[in-house]
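Coordinates in review
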Amino acid sequence: MGVVLKKEKETVVDLKKENKYALLIGVGNFEDQKIPSLGGVAKDIQNFNKILSDTSFSNFQVKTLINPALIESRKAISEISCKAQENDVVFFYYSGHGLLDDRKSLFLLFKDSESDFKDATCMESEYILSQFRKSSCKNFIIIIDACHSGAFFNNNRGLPTGLVALTACDENQVAFETLEGGMFSNVILKGLKSDYIDANRDGIITFSELFEYIIEQIKHNQHYSTPKKWEWNVDKDIYLFSSPRSVFISYQRKQKQLVKKISNKLQQHDISTFVDQEKIRIGDNWRELLEKSIRNCRAFIYVMDNDILFSDVANWELEVAHKYNVPILPIMVKDIKVPAMFEKTYGHYNRMKFDSDEFESSIQIIIDHIKSIRVREKNVIEVSNTG
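Model, not experiment: these values are computed from the prediction.

So, unusual backbone geometry
Notably, Asn67 is not glycine yet its phi reads approximately 55 degrees, a positive angle. Checked against the element boundaries, Asn67 lands in the loop between β3 (61–66) and α2 (70–83). The phi angle at His148 is positive, at roughly 65 degrees, despite the residue not being glycine.

Concerning the sheet that holds strand β7 (residues 123–124)
Judged by pairing direction, the sheet is antiparallel, and its 3 strands sit side by side in the order β5-β6-β7 without closing on themselves. Among the strands making up the open sheet, the edge pair consists of β5 (98–100) and β7. Note that β5 and strand β6 (residues 106–108) share 3 bridges and pair antiparallel. In the sheet register, Leu99 faces β6, and the bridge partner there is Phe107.

Details of the side chain of Glu317
Along the polypeptide, Glu317 turns up in helix α10 (residues 312–323). Nearest to the buried, unbridged Glu317 among oppositely charged side chains is Arg253, at 8.1 Å.

Here's the deal with the nonpolar core
Core analysis: the biggest nonpolar cluster contains 38 residues, and Phe92 and Tyr94 have the highest contact counts within it. In contact with Tyr94, other than residues within four places in its own chain, are Ile25, Val27, Leu108, Leu109, Phe110, Ile143, Ile144, Asp145 and Ala146. Phe48, Phe60, Tyr93 and Ile205 belong to the second-largest nonpolar core, a separate cluster that totals 36 residues.

Concerning the environment of Thr121
Tracing the sequence through the fold places Thr121 in helix α3 (residues 118–121). Judged by relative accessible area, which is 13%, Thr121 ranks as buried. Note: C-alpha distance between Thr121 and Phe107 (14 residues apart in sequence) is 9.4 Å. Within the local environment of Thr121, its side chain forms a polar contact with the backbone oxygen of Phe117, the two atoms lying 2.7 Å apart.

Scoring rules and cut-offs
Sequence order as written defines the numbering, with residues in each chain counted from 1. Whole-chain, interface and lining totals are the exception, using all residues; otherwise, since this is a predicted model, local features are given only for residues with pLDDT of at least 70 and side-chain atom pairs are given and counted only at 80 or more. As a rule here, side-chain values cover all heavy atoms of the structure and leave hydrogens and water aside. For the purposes of this entry, the term helix denotes a DSSP run of H or I that reaches at least four residues, the term strand denotes a run of E that reaches at least two, and both are numbered from the N terminus. Pairs of strands are assigned from DSSP output, requiring at least two bridges between the strands. Buried residues are those whose accessible area, probed at 1.4 Å on protein chains only, stays under 20% of the maximum for their type, while exposed residues exceed 50% and partly exposed ones sit between those limits. For the charge count, each Lys or Arg is scored as positive and each Asp or Glu as negative, with His and the chain ends excluded. The salt bridge definition used is simple: a Lys or Arg side-chain nitrogen within 4 Å of an Asp or Glu carboxyl oxygen. The term nonpolar core refers to a set of buried residues drawn from Ala, Val, Leu, Ile, Met, Phe, Trp, Tyr and Cys, joined through side-chain atoms within 4.5 Å. Any pair of residues with heavy atoms lying within 4.5 Å of one another is described as a contacting pair. For this analysis, a polar contact is any N or O atom pair within 3.5 Å, provided that within protein one partner can donate a hydrogen and the other can accept it, and provided that sequence-adjacent residues contribute only side-chain to side-chain pairs.

Set out below in structure tokens:
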């Protein structure tokens, strides 16, 4: 059904400078007692709202509807379709129940839906597509986290120009949920909070990178359904979000367990981290990716022990951070004698003694310092909008 992206093209549709509208609909409670409730839907909406409204990440104008009635939802979809202009972006997200009819058309359920009268009380996916077809907008992003969501495009009467979509499963599968939200949505949210999705480290997350990340995360987990990707009238990859500013951690292997502990603690405080063994894939040009990652990082933590001072790679990483004026946080985890040459070049960076026995107080100092750093403008590689 869709148009397959040509991998050799390096151009990306840059949607950063236009108006971006998001409509997030989550339905977990139903008046019809035959329809089971969904406990994590409100979390899905809350988490997507937080990410999409973040001015440093995506800066969408977000409208949320939690447990709305059918007519309220129809009106909201019509409204956003009318508002968006040709170069704007419309992001539509639904989390809830999906049902199929005898023709395998997909119906989305709302608070006042009745399972015995889905044609009258549920929303056929074709309604959403019909509103988007009438819109002046040429850039639509759709994410559906519902059972049978792979049937979203079945029996459609035409598709809008410039549409990409992700569905939690194929038409014959169910989507799984937890009290913390849909499993499919959680995979997406987890990735968007890190910079791992940004495979080429260019500072932006594209539609293709997002889908590749989803597939990579679920391929070894039997509890996930099979997500589907859809593209229509799109011949270039689409910019979705800016990748999060990570804290780059440079260290030697003896400090691996401590660094893992530091990384986990920073992530608990919504500070994304870059730790090389987790972020460099087989076949990557590691030196190029490391330089891009350091250049665009939020801060650079240099874990100082006797080994790192004599590591060619670690010293090169430090040179890159120094070259691009990245905030450098040297933390001393051992009592070491710092060479005179190191002092001459990097001695002006205030060093902190990190006491592993007083981990909580030591890491809190780092967290407070990182959060106080003024975020620099990203060194994003600009791309053209030509074919």
